[in-house]
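# Residue-level structural notes
These are the residues of each chain, in order.
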Amino acid sequence: MIKRTSKKYINNLLQNNTTWNILDIGCGYNANKFAKVICDVQDLSNHYKDKKFIKLKEKKLPFKDKEFDFVVASHVMEHVEDVDFFIKELERVSKKGYIELPTMLEDNLVFENKKDHLWHMDFDDVENKLLISKKVQYFEPVLTVSTIKKLNEVFRTSLVLELIWEDRINYIVNQSTEDTFKKISVLNLLKKYFSKRLRMLFK
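The model shown is predicted, which means the values in this text are computed figures rather than measured ones.

### Here we look at the pairing of strand 5 (residues 70-74)
Extensive coverage of strand 5 is indicated by the burial of 4 of its 5 residues. In this structure, strand 2 (residues 22-25) lies alongside strand 5, joined through 3 bridges in parallel fashion. Residue isoleucine 22 lies in a different strand from strand 5, and its bridge partner there is phenylalanine 70. Judged from the 4 bridges that link them, strand 5 and strand 6 (residues 96-102) form a sheet pairing that is parallel. Paired with valine 72 across the strands is tyrosine 98, a residue of strand 6. As for the winding sense of the linkage, the β-α-β connection from strand 5 through helix 2 (residues 83-93) to strand 6 is right-handed.

Here you go:
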């Protein structure tokens with residue numbers, strides 16, 4: 001089972017279940033505050049001195065089957081080459097978890113996402129299924145990570161997917177790279193914008 005949720009709901013859930021063994025995988029410098037174990041490809045042991053830190057050295061997660069009650073994977077999956085394997089590993093090491101992902105819109109807006117992200121993510125609310133496809137850059141990015149974080153405060157539901165799962169993650173991967181959409185030129189958009197503004201000035 002997988003469905004939409006909110007980060008606020010997840011934090012309340014974790015706060016009310018203090019006995020849970022919680023893992024944050026691929027957290028960078030912003031691990032969930034309720035996580036007891038932190039895992040990342042970078043060595044962040046000095047940053048997380050109050051938590052158990054484990055450096056990820058291979059594809060397989062260095063944990064036992066169902067070792068955790070809950071796993072947090074925030075803005076990680078879009079970076080992973082073998083997304084099928086990663087999802088199976090999340091299901092293996094935990095009973096349930098929270099997945100946070102950029103929407104296709106956010107993915108296209110941010111400079112840093114252009115090369116770092118490999119997959120587009122969407123969600124089917126009828127089938128309760130995560131839809132994963134090869135990333136397509138529909139237009140040239142115009143925003144920085146810091147700017148998109150500020151916009152998230154107002155437009156979060158348009159920019160971020162927040163999902164909770166239990167037992168298994170229902171998903172499908174579309175490996176096709178074929179896309180008939182013509183890339184939008186930011187330069188042309190700016191030309192049209194200024195052209196329209198000038199016409200309005202001389203009305």
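Having seen the model, we can carry on.
### Let's talk about the packing of aromatic side chains
Within this structure, the stated rule accounts for 2 aromatic pairs. Ring geometry for tryptophan 20 versus phenylalanine 70: centroids 5.8 Å apart, planes at 15°, classification stacked. Here tryptophan 20, found in the loop between helix 1 (7-15) and strand 2, pairs with phenylalanine 70, found in strand 5; they are 50 residues apart in sequence, far enough to count as distant. A ring pair is formed by phenylalanine 63 and phenylalanine 68, whose centres lie 5.0 Å apart and whose planes are at 85°; its orientation type is edge-to-face. The side chain of lysine 59 reaches across the aromatic face of phenylalanine 85, ending 4.8 Å from its centre. Residue placement shows lysine 96 over the ring face of tryptophan 20; its charged tip is 4.7 Å from the ring centre.

### A few points about the environment of aspartate 40
Its location among the elements puts aspartate 40 in strand 3 (residues 37-40). Separated by 12 residues in sequence, aspartate 40 and glycine 28 have C-alpha atoms that sit 6.6 Å apart. If we ignore the near neighbours within four places in the chain, the residues touching aspartate 40 are Gly26, Cys27, Gly28, Phe53, Ile54, Lys55 and Leu56. Within the structure, aspartate 40 has its side chain in polar contact with the backbone nitrogen of glycine 28 (distance 2.9 Å).

### Some remarks on the sheet that holds strand 1 (residues 2-4)
On the basis of which strands lie adjacent, the open sheet formed by 7 strands has the order 1-9-6-5-2-3-4 and mixed pairing. Of all the strands in the sheet, just strand 1 and strand 4 (52-55) have a single pairing partner and so form its edges. With direction set aside, neighbouring strand axes in the sheet form an average angle of 20°. Relative to strand 4, strand 3 runs parallel, the two being bridged by 4 bridges. Bridging across to strand 4, isoleucine 38 finds its partner in phenylalanine 53.

### Quick notes on the layout of surface pockets
Its volume calculated, the largest pocket comes out at about 1200 Å³. Every residue lining the largest pocket is counted, 43 residues in all, and those nearest its centre are Gly26, Cys27, Ser74, His75 and His79. For the lining of the largest pocket, the secondary-structure elements that each account for two or more residues are helix 1, strand 2, strand 5, helix 2, strand 6, helix 4 (113-116) and helix 5 (145-159). The element best represented in the lining of the largest pocket is helix 5, accounting for 5 residues. For the lining of the largest pocket, the class distribution of residues is 17 nonpolar, 12 polar and 14 charged.

### Observations concerning helix 1
Among the residues of helix 1, Ile10, Leu13 and Leu14 are the ones counted as buried. The buried residues of helix 1 occupy an angular sector of 95° when projected down its axis, which confines them to one face. Where helix 1 is buried, its residues contact strand 2, strand 5, strand 6 and strand 9 (160-166).

Criteria and cut-off values
- Residues numbered from 1 in each chain as written.
- Predicted model: local features only at pLDDT ≥ 70, side-chain atom pairs only at ≥ 80, totals over all residues.
- Heavy atoms only, no water.
- Buried < 20%, exposed > 50% of the residue type's maximum accessible area, 1.4 Å probe, protein only.
- Helix = DSSP H or I, 4+ residues; strand = E, 2+ residues; numbered from the N terminus.
- Pairing = 2+ DSSP bridges.
- Right-handed = clockwise from strand over helix to strand, strands pointing away.
- Phe/Tyr/Trp six-rings, centres within 6.5 Å; stacked < 30°, edge-to-face > 60°.
- Lys NZ or Arg CZ within 6 Å of the ring centre and 35° of its normal.
- Contact = heavy atoms within 4.5 Å.
- Polar contact = N/O pair within 3.5 Å; in protein donor to acceptor, adjacent residues only side chain to side chain.
- Axes fitted to C-alpha atoms, helices over the stretch in contact; angles between N-to-C directions.
- 1 Å grid on protein atoms, 1.4 Å probe; cavity = no way out; pocket = protein on both sides within 12 Å on 5 of 7 lines; lining within 4 Å.
- Points joined across faces, edges and corners; volume = space filled by probe spheres on them.
- Nonpolar A, V, L, I, M, F, W, Y, C, P; charged D, E, K, R; others polar.
- Arc of directions from axis to C-beta.

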